[in-house]
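# Structural description and commentary
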Amino acid sequence: MKTSYASAPVSGSLRPAFSFDLLGPLVVRSYGMALDVGPPKRRVLLIRLLLEQGQAVPLDVLCEDLWTTRPPRGAVSSVHAHISRLRDVLEPERDRARRGHGGVLVRESLGYALRVPGETQDAVRFEQALSRARRLLDQRRTGQARQELDAALALWRGTALADAVNHPFAAHVSTRLEEARLMAWELRVTILVREGNLEEAVLAAEELITRNPLREVTWELLIQALYLSGRPAEALQRFARLRGLLSEELGMDPGRRLSRLQTAILRQDDTWLRNLGSRTPAHVD
């Protein structure tokens, strides 16, 4: 059975109070002071260990993952050297000597493991805050949900896992985090609609569409906000624009939710439209 360190308590007597910022270029701090992790390869190594949430990574896997091409002949020695330097940065020799052992970057039978709580990573805190915001929105506590989202989105400084962006091991996690970031922005637009801040919701949705013009969830939010702000003709124009984009780029029509929304606007289906602003996009239900 794997042991998760995602919720392990931070104990000042066992390890420094670290923070690892992955939502942009890697930044590592101990007690608020930035640490110099070293050259690019060492930064990638640290990210690789962080993504395992305290589980050991075999040495051969580290060698494969740290090089985007075939690992060089001296890869094992290079990894050992980088591990040694990282250990000195994260847990200086005087600290290890005082305790008689290291407790942060450790060697196990299966490989190397970085023993820090998951909450020391801004990426983990972001996803936790997004989950809390969803629950709060389900409970119709929109003000608190918006506060959670604003704090979560403020953690971002650039591309997720920026230092490892060209490494296959980081691709899945980076894609997941970037998708979660977009969902957080869309959830924030949903909150603006529910709060009646319709003009702000329109502007926010249009900005998101500029970055992701084929994303139907965002178009749904924009059309909702336009209709609820008394602009049904513009809402239908946006639907027509999306239909043209989808046909030209993907050879497909808008999905069922958007088609139902268009039909309701055309028919002035008051029963269905009355609760439009309280409906949540499919991916945040």
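Procedures and definitions
- Residues numbered from 1 in each chain as written.
- Predicted model: local features only at pLDDT ≥ 70, side-chain atom pairs only at ≥ 80, totals over all residues.
- Heavy atoms only, no water.
- Pairing = 2+ DSSP bridges.
- Helix = DSSP H or I, 4+ residues; strand = E, 2+ residues; numbered from the N terminus.
- Expected span 1.5 Å × (residues − 1).
- Buried < 20%, exposed > 50% of the residue type's maximum accessible area, 1.4 Å probe, protein only.
- Salt bridge = Lys/Arg side-chain N within 4 Å of Asp/Glu carboxyl O.

## Quick word on the sheet that holds strand 2 (residues 27–30)
Pairing in this open sheet of three strands is antiparallel, and the strands run 1-2-3 from one edge to the other. Two strands lie at the open edges of the sheet, namely strand 1 (18–21) and strand 3 (33–34), each paired on one side alone. Where strand 2 and strand 3 come together, two bridges link them in antiparallel fashion. Paired with Ser30 across the two strands is Met33, which belongs to strand 3.

## As for helix 5 (residues 122–138)
With 17 residues, helix 5 extends 24 Å between its outermost C-alpha atoms, agreeing within 8% with the 24 Å of an ideal straight helix rising 1.5 Å per residue. Along helix 5, the residues that are buried comprise Asp122, Ala123, Val124, Phe126, Ala129, Leu130, Ala133, Leu136 and Leu137.

## Description of the pattern of salt bridges
Taken as a whole and judged by the stated rule, the model has 19 salt bridges. For Arg132, the salt bridge goes to Glu148, with nearest N and O atoms at 3.1 Å. Here Glu148 lies in helix 6 (residues 142–153) and Arg132 lies in helix 5, a separation of 16 residues in the sequence. Relative accessible area serves as the criterion here: at 21%, Glu148 is assigned to the partly exposed category. The salt bridge involving Glu199 is made with Arg231; its shortest N-O contact spans 3.1 Å. Remark: Arg231 occurs in the loop between helix 9 (216–228) and helix 10 (232–250) and Glu199 occurs in helix 8 (residues 198–211); sequence separation between them is 32 residues. Looking at Glu199, the relative accessible area reads 45%, which means it is partly exposed. Through salt bridges with shared partners, a single ionic network connects Arg146, Asp150, Arg188, Glu195 and Glu200.

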